[in-house]
Amino acid sequence: MMPDLNRRDALKRSASFAMAAAAGGFSCIELAKAAPIEVPTIDKLSVRVLVDSASDIFFKPQEVNGVKTEPGRPSNATRPLHSEWGLSLLLEPQRGTEKRTFLLDFGWTPETINGNMDQLKVEPSKIDTLIMSHGHFDHWGGLLGFLERHRKDLPADMTMYAGGEDNFCQRYVRAGQTELSDFGMLDRRDLAKQNVKVVLCESPVVIGGQAFTTGKIKRSSIEKVLPNTLVEFKLKDGAGCNASHYLPAEMEGKIVPDEHIHEHATCFNLKDKGLIVISSCGHVGIVNSVRQAMEVSGVQKVHAIMGGFHLGPAQADYLTQVVGEIAKLNPDVVIPMHCSGLNFTQEAQRQMPGRVLTTTTGTRISFGV
């Protein structure tokens, strides 16, 4: 379902962003239009896991319901691929003869994403679009270092699609009962310095004629946001997030539990197979994310659910319930990564035997081949 956005709301949103831009805060920012999208169909998709939290030199090729995985080996056998908490995926869809390359999230550190790209012989010049799922440092921490090294190789008109304004808020983690520790804030002025345009996908958007985003995800399932970070709704001198167009005025300056208002999922519609839904962390619920993709696209068949599902910290009874809800979606394959948790993988294998694929840093996943 498209966001309920009337003309008055739209004008208010446009005005708030215009004022911020005039103040020098939002260079190269666009807000995606709240309008129905025409979801494209692709013929193939290759996903390379550039950064994830596990490495396995004994990883062997697998195949489940036509989805294939193969290991990625470092080009220099004396240097390993590095794994760290976080996620970065290289997405290479193909539609007819047209091929695109998207980089979804950037891991925790630039050393890891840049080093693994070198070892996997990824050509930065082929990357034509950047996507950021949400505002956690383990998903964008490598971004600025990646740009510092590779911006000259990327298209001059490089665009990054971010989930929404909430992605640029200051985050904190608890360091004790009352003490908070800084968990980072992506300053869009740093992106402007690198001549990267940002599109805020609070509404669904088609990317490169081949992918689409869910936009803001409706929370309609049994799922809940499990405790994670705290977030500060504050904009000062162009840094932080402008919450005036989506939160009450009294939230300005507040530090509250993070609900990831604008986390979004990146999706594809694979010919004759159905939806591939990629949830980088799934704080808002993996079932909610898939349902939103179905609603946005009008496609009811789910081919694959993959990425981080943030169920590692889930209690056993809640986990069992959520996996049961995923099973009801009847995906051909489930591919857990990052924060999904070993507990999730084991429960998914129990409830959906023969439909779970595991991956490791460097794995290539192939759809439609």
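Relevant structure appears above.
What you are looking at is a predicted structure, and each value in this text was computed from that prediction instead of being measured.

### Brief notes about the pairing of strand E4 (residues 67-70)
Logical step 1: Because side chains alternate across E4, one face comprises the buried residues Val 67 and Thr 69, and the other comprises Lys 68 and Glu 70, none of which is buried.
Logical step 2: For strand E3 (residues 62-64) and E4, the ladder comprises 3 bridges, and the chain directions are antiparallel. Bridge pairing links Val 64 to Val 67 in E4.
Logical step 3: With antiparallel pairing between neighbouring strands as the criterion, E3 and E4 make up a hairpin whose turn holds 2 residues, including Asn 65 at a positive phi of roughly 50°.
Logical step 4: Across 3 bridges, the pairing between E4 and strand E23 (residues 364-367) is antiparallel. Bridge pairing in E23 places Lys 68 opposite Ser 366.

### Some points on the packing of aromatic side chains
Logical step 1: In the structure shown here, the tally under the stated rule is 6 aromatic pairs.
Logical step 2: Ring centres of Trp 108 and Phe 137 lie 6.4 Å apart, and the angle between their planes is 75°; on these two criteria the pair is classed as edge-to-face. Pair noted here: Trp 108 is in the loop between strand E7 (102-104) and helix H2 (110-119) and Phe 137 is in helix H3 (residues 137-140), with a separation of 29 residues, a long-range link.
Logical step 3: A relative accessible area of 31% places Trp 108 in the partly exposed class.
Logical step 4: Given the relative accessible area of 24%, Phe 137 is considered partly exposed.
Logical step 5: For the pair Phe 137 and Trp 140, a centre-to-centre distance of 4.8 Å together with 70° between the ring planes defines the contact as edge-to-face. With a gap of 3 residues between them, Phe 137 and Trp 140 both fall in helix H3, about one helical turn apart.
Logical step 6: With a relative accessible area of 5%, Trp 140 lands in the buried category.
Logical step 7: Joined through ring pairs, the aromatic side chains of Trp 108, Phe 137, Trp 140 and Phe 183 make up one cluster.
Logical step 8: Seen from the ring of Phe 168, Arg 188 lies directly overhead, with NZ or CZ sitting 4.4 Å from the centre.

### A short note on the sheet that holds strand E19 (residues 266-270)
Logical step 1: Taken in spatial order, the 6 strands line up as E13-E14-E19-E20-E21-E22 in an open sheet, and their pairing is mixed. Whereas interior strands pair on both sides, the edge strands pair on one side only; in this sheet they are strand E13 (206-207) and strand E22 (333-337).
Logical step 2: Direction of pairing for strand E20 (residues 274-279) relative to strand E21 (residues 302-308): parallel, over a ladder of 5 bridges. In the sheet register, Ile 276 faces E21, and the bridge partner there is Ala 304.

### Focus: unusual backbone geometry
Logical step 1: The residue Lys 121 is not glycine, and still its phi comes out positive at about 55°.
Logical step 2: Residue class for Lys 121 comes out exposed when judged on its relative accessible area of 66%.
Logical step 3: You will see that Asp 237, though not glycine, has its phi angle at about 55°, which is positive.
Logical step 4: Structurally, Asp 237 can be placed in the loop between strand E16 (235-236) and strand E17 (239-240).

Cut-offs applied
Residues numbered from 1 in each chain as written. Predicted model: local features only at pLDDT ≥ 70, side-chain atom pairs only at ≥ 80, totals over all residues. Heavy atoms only, no water. Buried < 20%, exposed > 50% of the residue type's maximum accessible area, 1.4 Å probe, protein only. Helix = DSSP H or I, 4+ residues; strand = E, 2+ residues; numbered from the N terminus. Pairing = 2+ DSSP bridges. Phe/Tyr/Trp six-rings, centres within 6.5 Å; stacked < 30°, edge-to-face > 60°. Lys NZ or Arg CZ within 6 Å of the ring centre and 35° of its normal.

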